[in-house]
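Structural overview
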Amino acid sequence: VLGEVLHLPEWAVQRIWWSLLLCLAFFGVVRLAQRLGLGTPWAQVVAGFAYVLTPRLTTLVGATSVEVWPMALAPWVLLPLVRGSREGSTRRAAALSALVVATCGGVNAVAVSAVLPRGVLWILTRAAGPRKWPLLGWWTLFTVLATFWWWGPLLLMGRYSPPFLDYIEN
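To start, this report covers the structure provided alongside it. (Residues numbered from 1 in each chain as written. Predicted model: local features only at pLDDT ≥ 70, side-chain atom pairs only at ≥ 80, totals over all residues. Heavy atoms only, no water.)

Scanning all chains against the criterion turns up 2 salt bridges. Ionic pairing is found between R56 and E67, a salt bridge with its closest N-O pair at 4.0 Å. One end of the pair, R56, is in helix α4 (residues 55-63); the other, E67, is in helix α5 (residues 65-84), and 11 residues separate them in sequence. Relative accessible area serves as the criterion here: at 24%, E67 is assigned to the partly exposed category. (Salt bridge = Lys/Arg side-chain N within 4 Å of Asp/Glu carboxyl O. Helix = DSSP H or I, 4+ residues; strand = E, 2+ residues; numbered from the N terminus. Buried < 20%, exposed > 50% of the residue type's maximum accessible area, 1.4 Å probe, protein only.)

What follows is the structure, encoded as C-alpha cells:
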C-alpha cells in the first residue's frame, strides 16, 4: 500500500520487501548472538550473513517470499524467551515472543509451525528453576492465542470446504 501511495514501481516495492526480509533475518541472528553472548562482534555479523545466505533463504526469497517470512522472524521469536528465561517477567517475555509468532503470518501453517519448536526447545533445555515452567505455560497459552487467527478458520474451512488439496498438491 505504501508503494502505491508513493507511486513506486512494483519491482522497487518487491526489492524493498526482499531487503526487509533479509535485514530482519540478519539483525535477528546478530541480536540473538549478542543476547546469548556468543562470539565476538565480528563473529556475530558473520553468523548473521551465514543465516541470510543459506540456500533455503536465498532460493525462496525471489519465488515465494512469504515462506521466508517465518524464517526471517525465527530469531526474533527466541529473543524475548532468552531474556525471559533469565530475568524480567516471564509473562511479558512469553507475550512478546507470541506476538512475533502472530506476525509470522498464516499463509503457510507448516512454515509458521516450524518456528515453534525453537521456542519449546529453548525453554525445555533451560535449567530447572522457578522461571522454566511458568515461561513455558505462558508461552504456550499466548502462542495458541496468537495463531488462532489462522488455525481457527483453517479448521472451520476444513470442515465445510471441498478437499481442494487433492487438486493442488501432488
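Moving on: the layout of surface pockets. Taken as a whole, the second largest pocket encloses approximately 190 Å³ of empty space. Lining the second largest pocket are 13 residues; nearest its centre among them are R35, L79, P80, R83 and L96. Considering each element in turn, the lining of the second largest pocket owes the most residues, 5 residues, to α5. (1 Å grid on protein atoms, 1.4 Å probe; cavity = no way out; pocket = protein on both sides within 12 Å on 5 of 7 lines; lining within 4 Å. Points joined across faces, edges and corners; volume = space filled by probe spheres on them.)

According to the stated counting rule, one finds 5 aromatic pairs in the structure shown. Centroid distance F26 to F49: 4.8 Å. Interplanar angle 50°. Geometry classified as tilted. With F26 in helix α2 (residues 10-36) and F49 in helix α3 (residues 41-52), this pair connects stretches of sequence that are 23 residues apart. You can call F26 buried: its relative accessible area is 12%. The exposure class of F49 is partly exposed, given its relative accessible area of 46%. Here a set of aromatic residues connected by ring pairs shows up, and it is made of F26, F27 and F49. Taking NZ or CZ as reference, R126 lies 3.4 Å from the ring centre of W122, over its face. (Phe/Tyr/Trp six-rings, centres within 6.5 Å; stacked < 30°, edge-to-face > 60°. Lys NZ or Arg CZ within 6 Å of the ring centre and 35° of its normal.)

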